[in-house]
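# Topology and contacts: notes
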Amino acid sequence: MNESLHALSGAYVVDALDDEERATFEQHLPGCLDCQREVSSLREATALLADDAALTPPPALRVSVLAGIKTIRPLAPETGRHASITNLDADGPAAQQPADERAAKVLTFRPRGARFARMLVAAAAVVAVAGGVVYHPWTGDSSQSSHLSAADQVLAASDAQQHSIEFNDGSSATVVRSAKEGHAVLLTQKMAAPPSGKAFELWLRDAQGVMKPAGMMTTGGDHKVLLKGNSLKATGVGITVEPKAGSDTPSSEPIAMFELGKSNA
Amino acid sequence: MNPTGPASSEPPHGGLASVPEPTQAGSTAADLAQLLRLSGRGDEAAFAQLYDATCARAYGLAVRVVRDPSQAEEVAQEAFLEIWRTASRFDAAKGSAVSWILTLVHRKAVDRVRSAEASTRRDTTYHQSSQTVEHDSTAEAAQASMEARRVRQAMDSLTQVQREALELAYFKGYTHTEVAKMLDLPVGTAKTRIRDGLIRLRDTMGVGQ
Ligand SMILES: [Zn+2]
């Protein structure tokens, strides 16, 4: 047993580790029964603290939650340690997940520099989602899967892998990839408009590091874009600012870059 | 690690009226675990019940951490949609349903404040206070408040440093390194205080054994 790692259990339970420590501890956890037991028992103690904070939420929350679940398919139970489903960054307490799964969904979406931040600041006015309902990609889908668009089929796929980030101003971007469907989709919410005369171009980065055009977004706001090209082999998805007609190769540094890792395929 | 205590021995259908000392706001721990299991199979009615039994704690926790009520609402909504989506991953052998739910809510709330401008959070006026709980009329909140009294007593048994470290970390979302700085503790000792405090709280409340 590693004493110094073991000592992180309490801070882990109250989410007081930084990202690096958390990752280290989560690597340690699957192999250390002492820590697993301690984390479980301390979680019960931690839950008691929330009793003191109880506060009735606005009725609108109940309405939007219960409306939201109608469009979301619950995950199938895990059938083995190496189940390939690695959805989202919040699949319940991480300790109940095999470590290899957790590692697979670490998000590494890096806004590059202040420019993107400035662009996003302008996005405050572009609130396209009615009633402040938070992001979920299934909004507006037909409930019949036979009528789903290709993008929606990716979003609904049981093996969909998702990489997402939320920005300071409330905007967010997400890449969802499904090996089964053979495609990836970029979703944006409350994205800032591109600079005047410009557009956002989307890129798939192949294994050699070459960026290939995968689509355009000419406006800010909320988008659902099926990426063109070989999404399965892509190692990353980038967004750059380009002339409206688009470019064959990126003419500037990406304002955002998703690291996808290996596809499930 | 099943929760112990009187509540868990109640029959699963022991409702609000039949449980004299509810620890799970009118639903026993077994009830909530069952609701979570049903939710994992797509049972929307079960999920609605689960929501009603836990929303005050989930939302209240989010408000404590992110402070801004509308952001807290978003955090709670995201968390509940995740709970619905990932309910099948809940394993009753590893802990109670409510701690599984609140762990998810807390993680989302902390992610939110960390990704937000730190200064914004530090500057926001703190409107929310625990007094609100006393005026809260829902069954869940009222019973949570009863339980909260016991928890507060248990908190009183901690050393001041343990208590402060725990509160800064859990309710304000600071890292243990930040907590050490704020409390003038040598680097690396805040995590020990947090752990010691939680262990004492656990043992005093007799949970998670
Ligand atoms: Zn350990």
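Criteria and cut-off values
Residues numbered from 1 in each chain as written. Chains lettered and ligands numbered in written order. Predicted model: local features only at pLDDT ≥ 70, side-chain atom pairs only at ≥ 80, totals over all residues. Heavy atoms only, no water. Helix = DSSP H or I, 4+ residues; strand = E, 2+ residues; numbered from the N terminus. Contact = heavy atoms within 4.5 Å. Areas by Shrake-Rupley, 256 points an atom, 1.4 Å probe, with all protein chains shown as cover. Donors = N, O, S within 2.8 Å, 3.2 Å for Na, K, Ca; no water. Tetrahedral: all angles 85-135°; square planar, octahedral: opposite > 155°, others 65-115°. Buried < 20%, exposed > 50% of the residue type's maximum accessible area, 1.4 Å probe, protein only. Phe/Tyr/Trp six-rings, centres within 6.5 Å; stacked < 30°, edge-to-face > 60°. Lys NZ or Arg CZ within 6 Å of the ring centre and 35° of its normal. Polar contact = N/O pair within 3.5 Å; in protein donor to acceptor, adjacent residues only side chain to side chain. pLDDT = per-residue confidence, 0-100. 1 Å grid on protein atoms, 1.4 Å probe; cavity = no way out; pocket = protein on both sides within 12 Å on 5 of 7 lines; lining within 4 Å. Points joined across faces, edges and corners; volume = space filled by probe spheres on them. Nonpolar A, V, L, I, M, F, W, Y, C, P; charged D, E, K, R; others polar. Salt bridge = Lys/Arg side-chain N within 4 Å of Asp/Glu carboxyl O.

## Some words on the overall build of chain B
Helix and strand counts for chain B come out as 10 helices and zero strands. Counted over contacts in chain B with a minimum sequence separation of 6, partners at least 24 positions apart contribute 64%. Looking at chain B as shown, the accessible area adds up to about 8700 Å², and 51% of this sits on carbon and sulfur atoms.

## Description of the coordination of the zinc ion
Residues and elements named next belong to chain A. At 2.1 to 2.7 Å from the zinc ion lie its protein donor atoms, namely His-6 (ND1), His-28 (NE2), Cys-32 (SG) and Cys-35 (SG). One can describe the site at the zinc ion as irregular: its four donor atoms subtend angles covering 76 to 145 degrees at the metal. The exposure class of His-6 is buried, given its relative accessible area of 7%. Residue Cys-32 is classed as buried on the basis of its relative accessible area, which comes to 8%.

## Regarding the packing of aromatic side chains
As enumerated under the stated definition, the model contains six aromatic pairs over all chains in all. On the basis of an interplanar angle of 40 degrees and a centroid distance of 4.8 Å, the ring pair of Tyr12(A) and Phe25(A) is categorised as tilted. Note that Tyr12(A) is positioned in helix H2 (residues 9–13) and Phe25(A) in helix H3 (residues 19–28), a separation of 13 residues in sequence. For Tyr12(A), a relative accessible area of 2% translates into the label buried. Here Phe25(A) falls in the buried class, since its relative accessible area comes to 0%. Centre to centre, the rings of Phe47(B) and Phe80(B) are 6.3 Å apart; their planes meet at 85 degrees, and the pair counts as edge-to-face. Residue Phe47(B) is located in helix H2 (residues 44–66), and its partner Phe80(B) is located in helix H3 (residues 69–86); the two are separated by 33 residues in the primary sequence. Judged by its relative accessible area of 1%, Phe80(B) falls in the buried class. Through a chain of ring-to-ring contacts, three or more aromatic side chains come together here, namely Phe47(B), Tyr51(B), Phe80(B) and Trp84(B). Lying across the ring of Phe171(B), Arg64(B) places its NZ or CZ 4.4 Å from the centre.

## A word on the environment of Ser9(A)
With respect to the element layout, Ser9(A) can be found in helix H2. Judged by its relative accessible area of 0%, Ser9(A) is buried. Remark: the alpha-carbon pair of Ser9(A) and Phe25(A), spanning 16 residues in sequence, is separated by 7.9 Å. The contact partners of Ser9(A), leaving out residues within four places of it in the chain, are Phe25(A), Glu38(A), Val39(A), Leu42(A) and Arg195(B). Engagement of the side chain of Ser9(A) in a polar contact is seen with the side chain of Glu38(A), the distance being 2.5 Å.

## Quick word on the confidence of the model for chain A
Residue and element names in this part refer to chain A. On average, residues of chain A carry a pLDDT of 70, and 62% of them reach 70 or more. Per-element mean pLDDT across chain A ranges from 36 in helix H6 (residues 99–104) up to 98 in H2. A low-confidence stretch, residues 81–148 (pLDDT under 50), is modelled with 156 contacts involving residues beyond four sequence positions or located in other chains.

## A word on empty space enclosed by the protein
If you walk through the whole model with that rule in mind, you get two cavities of 30 Å³ or more. Of the volumes computed, that of the largest cavity is approximately 60 Å³. Lining the largest cavity are Val13(A), Asp15(A), Arg43(A), Thr46(A), Ala47(A), Ser99(B), Leu102(B), Thr103(B), His106(B) and Tyr170(B). Where the lining of the largest cavity is concerned, the elements lending two or more residues are helix H4 (33–49) of chain A together with helix H4 (97–115) of chain B. Of the residues forming the lining of the largest cavity, the biggest block, four residues, is contributed by H4(B). Across the lining of the largest cavity, the residue classes tally to four nonpolar, four polar and two charged.

## A look at the pattern of salt bridges
Residues and elements named next belong to chain B. As enumerated under the stated definition, the model contains 14 salt bridges over all chains in all. Among the salt bridges present, the one from Arg-202 reaches Asp-203, with a minimum N-O distance of 2.9 Å. Among the residues examined, Asp-203 registers a relative accessible area of 42% and is labelled partly exposed.

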